[in-house]
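Residue-level listing of the chains:
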Amino acid sequence: TAGLTTNAPHSRDELLGGLLPAGMDHWACRSRYESWQYYKHFPYAASPYLQGKLRAYEARHRRCAPGTPLYAKSVEQLRSGRSAERMECTYVVWLPFDGLGNRILSMLSGFLYALLTDRVLLAALPPDSADLFCEPFPGATWRLPVEDFPVANLFGVGQDMEQSYTRLVGGKVVGTATNATAAVTPSYVYLSIGYRLRDRIFFCGEHQRVLRKVNWLLLYSDLYFAPSLYEVAEFQDELGRLFPEKESVHHLLSRYLLHPANPVWSLVIRYYRSYLAPATRRIGVQIRMYGHSSIPADDMYNQILNCSRQEHILPETTNDDDKAVTPTAVTGGDGNGSNNSTAIFIASLYSDYYKRLRSRYSTPHVAKGGGATRVSVFQRTHEERQATDNLAHNQKALVEIYLLSFSEELVTSGLSTFGYVSSGLAGIRPAILLTAFNHKVPETPCRRAVSMEPCNLTPPRGLKCRDKPANEEDLAHHIKVCEDFKDGVKFF
Ligand code: GDP
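> What is the right way to read the packing of aromatic side chains from this model?
Within a pair of aromatic rings, the relevant descriptors are the distance that separates the centres and the angle that separates the planes. Going through the model one piece at a time under the given rule, you end up with 30 aromatic pairs. Seen in terms of ring centroids, F111 and Y256 are 5.6 Å apart; in terms of plane orientation they differ by 15°. Their pairing is stacked. Note that F111 is positioned in helix α4 (residues 100-117) and Y256 in helix α9 (residues 249-257), a separation of 145 residues in sequence. Considered together, F111 and Y256 belong to a single accessibility category, that of buried residues. Joined through ring pairs, the aromatic side chains of Y38, Y39, W265, Y272, Y402 and F406 make up one cluster. Directly above the aromatic system of F492 lies the positively charged group of K480, at a separation of 4.6 Å from the ring centroid.

So, in structure tokens, the structure goes:
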């Protein structure tokens, strides 16, 4: 995989070098046209092949979107209980599951799957996230009209095993040629391919052939399963054409699909302009604590500082242990005539680490290596607890994901999808703080990510498929064990 030296100058424009479609209304979604001014990195451009595929997708989406005759026909077919052959429009319905970071990752993966299988992605957005994002596709909605959709208990479908693909295969309701007894293919199945991963067989080519016959797939996932799609032989070549650099998959898909709606975008830029824009350099620090791996706050704070030292991220201070450096005090303004300044933006549910870092930089301090810098520390919110069913809470979370993504450098937390999304959007390989498994402070505080790609935390390990396997040598070049989780896999 090539490094990040491939700067793509053409991406520094409104349409991100052809990634975004032309002709959409600027004012209906300002972030789509303005975000490029805030990103600091443009490491990859969309390949011509990806651009062509996206334009073809958009045309298909317009033909098949809710409100069209073809959509009405497909819903009729869904009501009939059986899938019809040669339907012009087939669908992936994205269902919400878990926190915002998880949801974004499963949306991006679902969209990629729709691209690969010529389907249309529709989002069953619940009220808690209905107004977070702009419509991504020109001239048509991506929202599933949930009220009129003829599947009962749509938002609870992931708890119900009956229509899960593996269950249907087990009951011989549907299946590969040799074991299916039913003459009809059901009109829909749901796929559980998140961390519970009930439908591991989804990642087998022979099952992909069966699923091709099902008009409606209901996607219940909270993970980034793109790397595992690459392990399916029939998707491998196409993914290779779409993304010559595997590290760019999430980066390009997220900049294509995700655009904060105007109210959220206003909050993002207002904050950015007030607090982060004045600095010459921005460092985002995302701290996520999980109950299962909690450690005392002092230990966590030390881990952050040790990580920063190891990766040379946060400015050092006179309080730091290394006394070998001659202090060069900086008092408020432009110390030593330099006008370097650093803004550290903290995203966390709690204010503790913000307070510690703020006090660390509150006294006149120095930067190592002679370059004096003035440091300011910011945190926008500290919500104390996750409240995914609350729109205002989710808006704040999205604002912070974007503020992180406008950094020059990132420190993120292991296992956190919130951090994964920020890094991919930013186009940054973050320093990932390692998780304190069993509450044990990790010996290595963090690892520099091999790529800006999210980790698929629950890949279908040890899966035995009947179909031919993907090219192993190629996989070895593009898929790796994650830095933060030994059972996970990621693109690099
Ligand atoms: P993950 O649990 O870290 O993988 O990330 P998710 O985004 O899926 O779920 C965590 C949820 O907790 C977020 O969506 C927010 O609702 C909330 N949350 C966690 N960390 C932060 C933070 O730094 N800022 C804000 N505003 N919310 C957060």
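> Honestly, unusual backbone geometry in this entry has me stumped. Any pointers?
Most peptide bonds are trans, and most residues other than glycine sit at a negative phi. Positive phi, close to 80°, is recorded for D98, a residue that is not glycine. Its place among the elements puts D98 in the loop between β1 (91-95) and α4. When its relative accessible area of 32% is taken as the criterion, D98 is described as partly exposed. For L197, which is not a glycine, the phi torsion comes out positive at approximately 40°. Tracing the backbone through its elements, the reader meets L197 in the loop between β3 (188-192) and α6 (205-211).

> Would you explain the sheet that holds strand β6 (residues 341-348) in this entry?
Backbone-to-backbone hydrogen bonds join strands into a sheet, with any given pair of strands oriented parallel or antiparallel. Here six strands make up an open sheet; going across it, the order is β7-β6-β5-β8-β9-β10 and the pairing mixed. The sheet is open, and its two edges are formed by β7 (374-379) and β10 (446-448), each paired on a single side. Between one strand axis and the next, the sheet turns through 20° on average, direction left out of account. The sheet contacts of helix α11 (residues 297-311) involve β5 (281-287), β8 (409-413), β9 (431-433) and β10, and relative to β9 the element is tilted by about 160°.

> Please explain the site of the ligand as it appears in this structure.
The local shell around the ligand holds 18 residues, among which N102, R288, H393, S416 and T417 are the closest. H393 has a polar side-chain atom sitting 2.5 Å from an oxygen atom of the ligand. Between the ligand and the protein, one listed contact pairs an oxygen atom with a side-chain N or O atom of S416 at 2.6 Å. Computed on the free molecule, the ligand has an accessible area of 560 Å², of which 97% lies beneath the protein chains in the complex. Contributing elements (two or more residues each) for the shell around the ligand: α4, β6, α13 (391-405) and α14 (417-426). A breakdown of the residues in the shell around the ligand according to their chemical character gives six nonpolar, nine polar and three charged.

> Is there a simple way to explain the packing of helix α2 (residues 48-64) against helix α8 (residues 233-242) in this structure?
How two helices sit against one another is set out by the angle between their axes and by the gap between those axes. Where α2 meets α8, the axes come as close as 7 Å, and the angle between the chain directions of the two elements is 105°. Taken together, the axes of α2 and α8 lie roughly perpendicular to each other. Contacts from Y49, L50 and K53 of α2 reach α8 at E238, R241 and L242. Along the lines of polarity and charge, the residues of the contact of α2 with α8 split into three nonpolar, no polar and three charged.

> Help me understand the environment of S294, please; the structure alone is not making it clear to me.
One can find S294 in the loop between β5 and α11. Classification of S294 by relative accessible area gives partly exposed; the value is 32%. Along the chain, S294 and S129 lie 165 residues apart, while their C-alpha atoms are 29 Å from each other. Leaving out residues up to four positions away in the same chain, S294 has contacts with M289 and H439.

Criteria and thresholds
- Residues numbered from 1 in each chain as written.
- Predicted model: local features only at pLDDT ≥ 70, side-chain atom pairs only at ≥ 80, totals over all residues.
- Heavy atoms only, no water.
- Phe/Tyr/Trp six-rings, centres within 6.5 Å; stacked < 30°, edge-to-face > 60°.
- Helix = DSSP H or I, 4+ residues; strand = E, 2+ residues; numbered from the N terminus.
- Buried < 20%, exposed > 50% of the residue type's maximum accessible area, 1.4 Å probe, protein only.
- Lys NZ or Arg CZ within 6 Å of the ring centre and 35° of its normal.
- Pairing = 2+ DSSP bridges.
- Axes fitted to C-alpha atoms, helices over the stretch in contact; angles between N-to-C directions.
- Contact = heavy atoms within 4.5 Å.
- Near = heavy atom within 4 Å.
- Polar contact = N/O pair within 3.5 Å; in protein donor to acceptor, adjacent residues only side chain to side chain.
- Areas by Shrake-Rupley, 256 points an atom, 1.4 Å probe, with all protein chains shown as cover.
- Nonpolar A, V, L, I, M, F, W, Y, C, P; charged D, E, K, R; others polar.
- Parallel < 35°, antiparallel > 145°, perpendicular 65-115°, else oblique.

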